Amino acid sequence: MKNIPKLYDLTIEEINELLILGIIKSISEKREFVITPLSILGASGFPIANQTEVLNNKAKTKKIKQILIDLKDKGLIEQRKSKQDYLGIKETAYNLLKTV
């Protein structure tokens, strides 16, 4: 996998659509990848198993959610019918479209 930026170390202003799309593409090249805000954070080295850390970074999670909605609206990803559940947190999940 290419060098994936550590979202944990970035400010909320540094997280943007190009960065998130780059992370998704990089991971999807190597393996099947269910796209959710937490899976993106986890793939970038964020300690998602630590719920306190996740809860303390809601702004980053919310920003990634909005970016994913924007990517869906642009036709780059598609929403899955079912939600993902990670440690009791339900998330909307997406798949990367093959045309991207």
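Structural notes, computed from the coordinates. Numbers given to residues run from 1 along each chain, matching the order in which its sequence is written. Only residues with pLDDT of at least 70 get local features here, since the model is predicted, and only at 80 or more are side-chain atom pairs given and counted; chain-wide, interface and lining totals rely on the full set of residues. Heavy atoms from the whole structure form the basis of all side-chain values; hydrogens and water molecules are not counted.

### Concerning helix 4 (residues 58-73)
Working note: α-helix, 3.6 residues per turn, so residues spaced by three or four point in the same direction. If you check helix 4, its first and last C-alpha atoms are 23 Å apart, about what 16 residues at 1.5 Å a residue would give, namely 22 Å. The complete set of buried residues in helix 4 reads Lys60, Thr61, Ile64, Ile67, Leu68 and Leu71. Seen from one end, helix 4 has its buried residues packed into an arc of 120 degrees, which puts them on one side. Summarising the geometry of helix 4, the exposed residues directed more than 90 degrees from the buried face are Lys58, Lys62 and Asp73. Contact partners of the buried residues in helix 4: helix 1 (17-30), helix 2 (37-43), strand 1 (77-86) and strand 2 (89-96). Numbered from the N terminus, helices here are DSSP runs of H or I no shorter than four residues, and strands are runs of E no shorter than two. Remark: Gly75 follows helix 4 within two positions and exhibits a positive phi of approximately 80 degrees. An expected span of 1.5 Å times one less than the residue number is assigned to each helix. Only protein chains enter the accessibility calculation, which uses a 1.4 Å probe; a residue is then buried when its area is under 20% of its type maximum, exposed when over 50%, and partly exposed in between. The arc in question is the one traced by the directions running from the helix axis out to the C-beta atoms. Note on contacts: a residue pair is in contact if any heavy atoms of the two residues lie within 4.5 Å.

### Focus on the pattern of salt bridges
We count a salt bridge whenever a side-chain nitrogen from Lys or Arg sits within 4 Å of a carboxyl oxygen from Asp or Glu. Applying the stated criterion across every chain yields a total of one salt bridge. Close ionic contact of Lys74 with Glu17 constitutes a salt bridge, the shortest N to O distance being 2.6 Å. Pair noted here: Lys74 is in the loop between helix 4 and strand 1 and Glu17 is in helix 1, with a separation of 57 residues, a long-range link. Given a relative accessible area of 54%, Lys74 falls into the exposed group.

### Some remarks on helix 1
Taking 1.5 Å of rise per residue, 14 residues should cover 20 Å, and helix 1 covers 21 Å from first to last C-alpha, within 8% of that figure. Taken together, the buried positions of helix 1 are Leu19, Ile20, Leu21, Ile23, Ile24, Ser26 and Ile27. Counting of polar contacts relies on pairs of N or O atoms within 3.5 Å, with two restrictions inside protein: one atom must be capable of donating a hydrogen and the other of accepting it, and residues adjacent in sequence are counted only when both atoms are side-chain atoms. For helix 1, the N-terminal cap is Asn16; the gap from its side-chain oxygen to the backbone nitrogen of Leu18 is 3.1 Å.

### Things to note about the packing of aromatic side chains
Note on aromatic contacts: the rings of Phe and Tyr and the six-membered ring of Trp form a pair at centre separations within 6.5 Å, being stacked when their planes are under 30 degrees apart, edge-to-face when over 60 apart, and tilted otherwise. Enumeration over the complete set of coordinates arrives at one aromatic pair. Both rings, one in Tyr8 and one in Phe46, keep their centres 5.3 Å apart while their planes meet at 65 degrees; by these two values the pair is edge-to-face. Taken together, the residues span a long stretch of sequence, with Tyr8 in the segment before helix 1 and Phe46 in the loop between helix 2 and helix 3 (51-55) at a distance of 38 residues. Accessibility expressed as a relative area gives 37% for Tyr8, which makes it partly exposed. Residue placement shows Lys60 over the ring face of Tyr8; its charged tip is 5.9 Å from the ring centre. We call a charge positioned over a ring when the NZ of a Lys or the CZ of an Arg lies within 6 Å of the ring centre and within 35 degrees of the ring normal.

### Some words on the nonpolar core
With 25 residues, the main nonpolar core has Leu7, Ile20, Ile24, Ile35, Ile40, Ile64 and Leu68 as its most contacted residues. Mapped by element, the contributors of at least two residues to this core are helix 1, helix 2, helix 4 and strand 2. The residues contacting Ile40, other than those within four sequence positions of it, are Leu7, Ile20, Ile23, Ile24, Phe33, Ile35, Ile64 and Leu68. By nonpolar core is meant a set of buried Ala, Val, Leu, Ile, Met, Phe, Trp, Tyr and Cys residues that side-chain atoms within 4.5 Å join together.

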